[in-house]
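Now for the letters of each chain:
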Amino acid sequence: MHILIVSHSSATALNQEVYARVQRETGWKITLVVPDRWKDEFGNALRQEPCKGLEDSVIRCAVWKNGSIIFHVYRMRWQRFLRELKPDVIYMNHEPYALATAQVCHANNRSIRVPFGFYSCQNINKKYPAPFSWLESMVYRSSSFALPITDRVADVLTAKGFRGRQTVCALPLDPERYHPRLKATPPERFPQTNVPVIGYVGRLIEPKGLRTLATSLGKVRDLDWRMVLVGTGEFQAEFEQLLTAQGVRDRIFFAGYVPHTETPRWLASMDMLVLPSETQPNWEEQFGRVIPEAMACGAAVIGSSSGEIPHLIRQSEGGLVFTQRSSDELAVALRQLISGPKLRRQLAENGRHWVERDISIPAVALKMIDAFTAAAKNQQAGRAENRQPFSSTHALAQS
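What counts and what doesn't
Each chain has its residues counted from 1, following the order in which its sequence is written. For this predicted model, a pLDDT threshold of at least 70 governs which residues receive local features, and a threshold of 80 or more governs which side-chain atom pairs are given and counted, while totals over whole chains, interfaces and linings are taken from all residues. Each side-chain value is worked out from all heavy atoms of the structure, with water and hydrogens disregarded. A pairing counts as a salt bridge when a side-chain nitrogen of Lys or Arg comes within 4 Å of a carboxyl oxygen of Asp or Glu. Numbering of helices and strands runs from the N terminus, with a helix taken as a DSSP run of H or I at least four residues long and a strand as a DSSP run of E at least two residues long. Exposure classes here rest on a 1.4 Å probe applied to the protein chains alone. A residue is buried below 20% of its type maximum, exposed above 50%, and partly exposed in between. Any pair of residues with heavy atoms lying within 4.5 Å of one another is described as a contacting pair. The term nonpolar core refers to a set of buried residues drawn from Ala, Val, Leu, Ile, Met, Phe, Trp, Tyr and Cys, joined through side-chain atoms within 4.5 Å. The criterion for an aromatic pair is that two Phe, Tyr or Trp rings (for Trp, the six-membered ring) have centres within 6.5 Å, with stacked assigned to planes under 30 degrees apart, edge-to-face to planes over 60 apart and tilted to the rest. Charge-over-ring contacts are defined here by two conditions on Lys NZ or Arg CZ: a distance within 6 Å of the ring centre and an angle within 35 degrees of the ring normal. Residues adjacent in sequence count toward polar contacts only when both atoms are side-chain atoms; beyond that, a polar contact is any pair of N or O atoms within 3.5 Å, and within protein one must be able to donate a hydrogen and the other to accept it. A helix is expected to span 1.5 Å for every residue after the first. Between any two strands, pairing holds if DSSP finds at least two bridges. In this analysis, axes come from line fits to C-alpha atoms, helices being fitted only over the stretch in contact, and the angle between any two N-to-C directions falls in the range 0 to 180 degrees. To sort the angles, those under 35 degrees are grouped as roughly parallel, those over 145 as roughly antiparallel, those from 65 to 115 as roughly perpendicular, and the leftovers as oblique. Any residue that is not Ala, Val, Leu, Ile, Met, Phe, Trp, Tyr, Cys, Pro, Asp, Glu, Lys or Arg is counted as polar, Gly included; the first ten are nonpolar and the last four charged.

Visitor: Please clarify how the pattern of salt bridges should be interpreted in this entry.
Guide: Once the charged atoms of two side chains with opposite charge are near each other, the side chains can pair. Tallying each qualifying case throughout the model produces 22 salt bridges. A salt bridge links E238 to R211; the nearest nitrogen and oxygen atoms lie 2.6 Å apart. Here E238 is found in helix 7 (residues 236-245), whereas its partner R211 is found in helix 6 (residues 210-219), with 27 residues between them in sequence. E238 gets classed as partly exposed once you look at its relative accessible area, which sits at 34%. One salt-bridge network, in which partners are shared between bridges, spans E17, D174 and R177.

Visitor: Explain helix 6 here, please?
Guide: For helix 6, the buried fraction is high: seven of the 10 residues fall into the buried class. Against strand 12 (197-201), strand 13 (226-230), helix 7, strand 14 (252-256), strand 15 (272-275) and helix 11 (327-338) lie the buried residues of helix 6.

Visitor: I keep staring at the nonpolar core and nothing clicks. Help me out?
Guide: The nonpolar side chains of a soluble globular protein tend to be buried, and buried together. Formed by 66 residues in total, the largest nonpolar core has its most connected members in L267, M270, M368 and F372. Residues within four places of M270 in sequence aside, it is in contact with K183, F190, V197, G199, Y200, V201, V228, V230 and A299. Ranked by size, the runner-up nonpolar core spans 31 residues in total, among them Y200, F254, L320 and L334.

Visitor: Hey, could you run me through the packing of aromatic side chains in this one?
Guide: Any two aromatic rings considered together are summarised by their centre-to-centre distance and by the angle between their planes. The tally for this structure, following the rule as stated, stands at 12 aromatic pairs. Taken together, the ring pairs in this structure connect Y74, W78 and F81 into an aromatic cluster. Positioned over the ring face of W225 is R251, at 4.7 Å from the centre of the ring.

Visitor: How should the side chain of K208 be read in this particular structure?
Guide: Here K208 shows up in the loop between strand 12 and helix 6. On the basis of relative accessibility, which here comes to 12%, the residue K208 falls in the buried class. For K208, the side chain forms a polar contact with the side chain of E285, separated by 2.6 Å. K208 has contacts with Y200, R203, P276, S277, E278, W283 and E285, leaving out every residue within four places of it along the chain.

Visitor: Even after reading the chapter, I still don't get unusual backbone geometry, so can you show me in this structure?
Guide: For residues other than glycine, phi is negative in most cases, and the peptide bonds are mostly trans. Geometrically, the link from A130 to P131 is a cis peptide bond, its omega value of 5° lying close to zero. Note on placement: P131 falls in the loop between strand 9 (116-120) and helix 4 (132-142). A positive phi angle, close to 55°, is found at K86, a residue other than glycine. As for its placement among the helices and strands, K86 is situated in the loop between helix 2 (78-85) and strand 8 (89-92). The backbone phi angle of R325 is positive, close to 75°, even though this residue is not glycine. Within the fold, R325 resides in the loop between strand 17 (319-322) and helix 11.

Visitor: Is there a simple way to explain the environment of A348 in this structure?
Guide: With respect to the helices, strands and loops of the structure, A348 is situated in helix 12 (residues 341-359). The spacing of A348 and F239 is 109 residues in sequence and 28 Å in space, taken between C-alpha atoms. Not counting residues within four places of it along the chain, the set of residues in contact with A348 comprises M295, G298, A299 and A300.

Visitor: Looking at this structure, how should I read helix 3 (residues 99-110)?
Guide: Along an α-helix, residues three or four apart share an orientation, since each turn contains 3.6 residues. Here helix 3 contains 12 residues, and its C-alpha end-to-end distance of 17 Å stays within 8% of the 16 Å for a straight helix at 1.5 Å per residue. Every buried residue of helix 3 is accounted for by A100, T101, A102, V104, C105, A107 and N108. Those residues of helix 3 that are buried are in contact with strand 7 (73-74), helix 2, strand 8, strand 9 and helix 4.

Visitor: Would you mind showing me how to read the sheet that holds strand 13 here?
Guide: Taking strand neighbours across the sheet as the criterion, the six strands line up as 14-13-12-15-16-17 in an open arrangement whose pairing is parallel. If you trace the sheet from one side to the other, it starts and ends with strand 14 and strand 17, each paired once. Shown here is a sheet whose adjacent strand axes are inclined to one another by a mean of 20°, direction ignored. Two elements, strand 16 (residues 300-304) and strand 17, share four bridges in a ladder whose sense is parallel. Bridged to V301 within strand 17 is G319. Its contacts with the sheet put helix 7 on strand 13 and strand 14, and the angle it makes with strand 14 is roughly 170°.

Visitor: What should I look at first to understand the packing of helix 11 against helix 12 in this one?
Guide: Two quantities define a packed helix pair, namely the angle between the axes and the distance from one axis to the other. Running from N to C, helix 11 and helix 12 point in directions that differ by 100°, and their axes come no closer than 6 Å. Between helix 11 and helix 12, the angle falls in the class roughly perpendicular. On the side of helix 11, the interface is formed by Q336, L337 and I338, while helix 12 contributes L343, R344 and L347. Taken together, the residues of the contact of helix 11 with helix 12 sort by class into four nonpolar, one polar and one charged.

Visitor: Which parts of the structure should I look at to understand the sheet that holds strand 10 (residues 145-148)?
Guide: Two orientations exist for strands paired in a sheet by backbone hydrogen bonds: parallel and antiparallel. Within the open sheet, the seven strands sit side by side as 5-2-1-8-9-10-11. Their pairing is parallel. Two strands bound the open sheet, and with one partner strand each, they are strand 5 (58-61) and strand 11 (165-166). As judged from the two bridges shared by strand 10 and strand 11, these two strands associate in the parallel manner. Looking at the pairing, A146 lines up with Q166 of strand 11. Lying over the sheet, helix 2 contacts strand 1 (2-6), strand 2 (29-35), strand 5 and strand 8, oriented at roughly 155° with respect to strand 1.

Written out as structure tokens, the structure is:
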């Protein structure tokens, strides 16, 4: 079987590894179309060599609106490309309302008409203006399968009218790359300390709950701890002022931007990770990828009740949940983990086990294989039924 995958996120080799695993497990041919250079949220132009196993499978394509997940499109004559490639299944690692998804879906409808599917992480039932609502509806009608990242995302797709087969596939990670053993070799810039380290990895923006975090840290200043923050953002200056007002600024280390490939060592050097995100009118945490990354590295997690955060923590039993915007509850959770090394170890072990079982690259690859196989079989069954000659017996069987 030949699978065509189109993925802007696979401009990084790390995100290609799950498809290499699919190819290795099945012997299928994989063709992966990625942007030639993809501009990430920090303005970096990403262009990496393919991951091991996909060296001859990656096709680089220029895009318009580079860096815009929703608005970018591929500079490709898709109908001609599909006729020449002849894939058996097409999977768009893009949202159903993205222009690139509609672009390839339309070309498939006009040319080879093979099973088509898409990815989604949208856990809010948003109504998009035309023409995006029209394109989204066209993708739903034309798709036989979808790979939502959580059950809540699957519920949104159903509510919006998608009737195809859904296979929940979490955002995968490599549990060998994210591993507790990395704690033995911390980053050179990581502060040397013998007290518990609280970690934060992400953008330094107010919706991430940093105002609440600062207040909570002030409420546990009687305990001995340090904090390391990885990331940048426009809220940093105000956040530092809040920390100063709480009397804890001297315990905080701002690491700034760290390449994604280097974050495992930072996470493994933290005793606990806090993700205090706060739901906004048009946004809530969709997956909180840093949560399983931290768990895989052996850190316990404290997360707010925003979006998917509490579901991930409760599924994994790898952390504590507090009510978003409640500095008192966050302070209680921090106090429990700062002063409870046994609890930290137990939560970390639970989280690591969950990652290996449910969201590791091997686990997610098997779910993808199941989805692609079912899509191809359903297509073949439909064609076989259409080829059956008409007879009265056949007509009765269908009635």
